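# Coordinate inspection notes
If you want the building blocks of each chain, they are given just below.
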Amino acid sequence: MIKMTFTKTTQARSDALLFIHQSLPTHQWQYNEVEIHALKNAMLNHSLFQHPILKQMLEQHLTLEHLQKIHIHYFHAIVHIFTDALSMLIFQTQQLDHAINLKAESRHIAKIYARYLLSLNLMDELGFNSATLEKSSPNKSHLVYFTQLIAQLDISSDSTPCAEAQHIRDFIKNHYNEYSHLLLILACTEKQVIYFSQALSQNLYKYDPKYCQGYYECHGEADHSDRLANDDNHEDDLWCLLTQCYVKQNEQTLTILEQEYLTLWANFWSKMQSMQD
C-alpha cells in the first residue's frame, strides 16, 4: 500500500485550516471568499497561463540548448530565493497580532496556525521526506536538486541573469515586509510552478529521463504516488491565509499587485521564448 506523505494528508492541515476559517465571523469569511475567488479567477485568466511557450515545451519542441538557457534564468528568477520569501512570510505572520478583522480570542495565536501551514511548505522545500522521515536530507532540498540539475545540464548558476529574471526577483524582495502582498505573490508563484514545471520536465524528458528526477519529481500537483509533489496544496493554503487577512480597503492594491507580478512572469517567458539557438 502506498503511504501518503505527511504534508499531503488532510490530517496534517485540518486543525490549522479549521482554526483559520473560524478566526473570522462567518459573514466576514464568506465575503472574503468571494473577493479571493475573484483574484484566483483573474490569475487563471492572465495571459501567462496561455503563453505559447507552454505548448511548445509540452510538445517537446525546444532544443536542449534552449532549455539550458531557460534554466539559468529561472534559477535566478525564483528558485534561488523561494525559501527566502517563504521564510520571510512565516516571520511576517506576526502582523496577524494586529489584524482587527480577526476575532479577539483568535488574534494572538493566529500566527501559530499560519506558521504551521506555511512550515509544511518549507519542510518540503528543505528536503524533509514526510513519508519516511529518516530519508530526509538537505541534499534533497529543492534548491540543491536544482543546482544538481544545472550541473547535469552543464551550465553555471553564476551566469548573469536576464533583466526579466531580475525584475521578478526584485519584485518579490520588495514585498518581503507586507504579509498579504507576499501571500498573494507566493500563491501565484505556486500556480506558475505547477504549469511551467510540468512543461519544462516534459520537454527535458525528450533528451534524457534523468533530467526529470530530483527537482521535477517534487514539483507539480499532489497525487497518491510516492512522489513528494505538493504544490497545489501549498497554493490552496496560501489562498486560505489570504482569505483570513483580507480587508476591503486593500482590494485595489492586491488587484494591481497580482496583475503586475503575473505580467513580469509573462515577460520572462516571452524573453525565454525569444532565446532561440
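Residues numbered from 1 in each chain as written. Predicted model: local features only at pLDDT ≥ 70, side-chain atom pairs only at ≥ 80, totals over all residues. Heavy atoms only, no water.

By the burial criterion, the buried members of helix 9 (residues 163–173) are Ala165, Ile168, Arg169, Phe171 and Ile172. Summarising the axial view, the buried residues of helix 9 lie within an arc of 160 degrees, below the 170-degree limit, and thus occupy one face. For helix 9, the elements touching its buried residues are helix 4 (64–77), helix 5 (82–92), helix 10 (179–205) and helix 12 (251–274). (Buried < 20%, exposed > 50% of the residue type's maximum accessible area, 1.4 Å probe, protein only. Helix = DSSP H or I, 4+ residues; strand = E, 2+ residues; numbered from the N terminus. Arc of directions from axis to C-beta. Contact = heavy atoms within 4.5 Å.)

We now examine the nonpolar core. By size, the foremost hydrophobic cluster in this structure holds 85 residues, and its most contacted members are Tyr74, Ile172, Trp265, Phe268 and Trp269. Looking at this core, the element that brings in the most residues is helix 10, giving 13 residues. The residues touching Trp265, leaving out its near neighbours within four places in the chain, are Leu48, Tyr74, Ala77, Ile78, Ile168 and Gln192. (Core = buried A, V, L, I, M, F, W, Y, C linked by side-chain atoms within 4.5 Å.)

Before going further, it helps to spend a moment on the packing of helix 2 (residues 26–44) against helix 12. For any two helices packed against each other, one specifies the inter-axial angle together with the distance between the axes. The contact between helix 2 and helix 12 brings their axes to 10 Å, and the two run at 20 degrees. Looking at the two axes, helix 2 sits roughly parallel to helix 12. Seen along the crossing, helix 2 lies across helix 12 with a hand that is right-handed. Between helix 2 and helix 12, the contacting residues are Glu35, Leu39, Ala42 and Met43 on the first element and Glu251, Leu254, Thr255, Glu258, Gln259 and Leu262 on the second. Grouping the constituent residues of the contact of helix 2 with helix 12 by class yields five nonpolar, two polar and three charged. (Axes fitted to C-alpha atoms, helices over the stretch in contact; angles between N-to-C directions. Parallel < 35°, antiparallel > 145°, perpendicular 65-115°, else oblique. Left-handed = near helix turned anticlockwise from the far one by under 90°. Nonpolar A, V, L, I, M, F, W, Y, C, P; charged D, E, K, R; others polar.)

Across all of its chains, the model carries 13 aromatic pairs by this definition. Seen from their ring centres, Tyr74 and Trp265 are 5.9 Å apart, and the 55 degrees between their planes marks the pair as tilted. Note that Tyr74 is positioned in helix 4 and Trp265 in helix 12, a separation of 191 residues in sequence. Exposure remark for Tyr74: the relative accessible area of 0% places this residue in the buried category. By relative accessible area, which is 0% here, Trp265 ends up buried. On the numbers, 6.0 Å between centres and 20 degrees between planes, the contact of Phe75 with Phe146 is stacked. Note that Phe75 is positioned in helix 4 and Phe146 in helix 8 (residues 142–152), a separation of 71 residues in sequence. Comparing Phe75 with Phe146, the two get one shared label, buried. Aromatic rings pair up to connect Tyr74, Phe75, Phe146, Phe196, Tyr215, Tyr216, Trp265, Phe268 and Trp269 into one cluster. (Phe/Tyr/Trp six-rings, centres within 6.5 Å; stacked < 30°, edge-to-face > 60°.)

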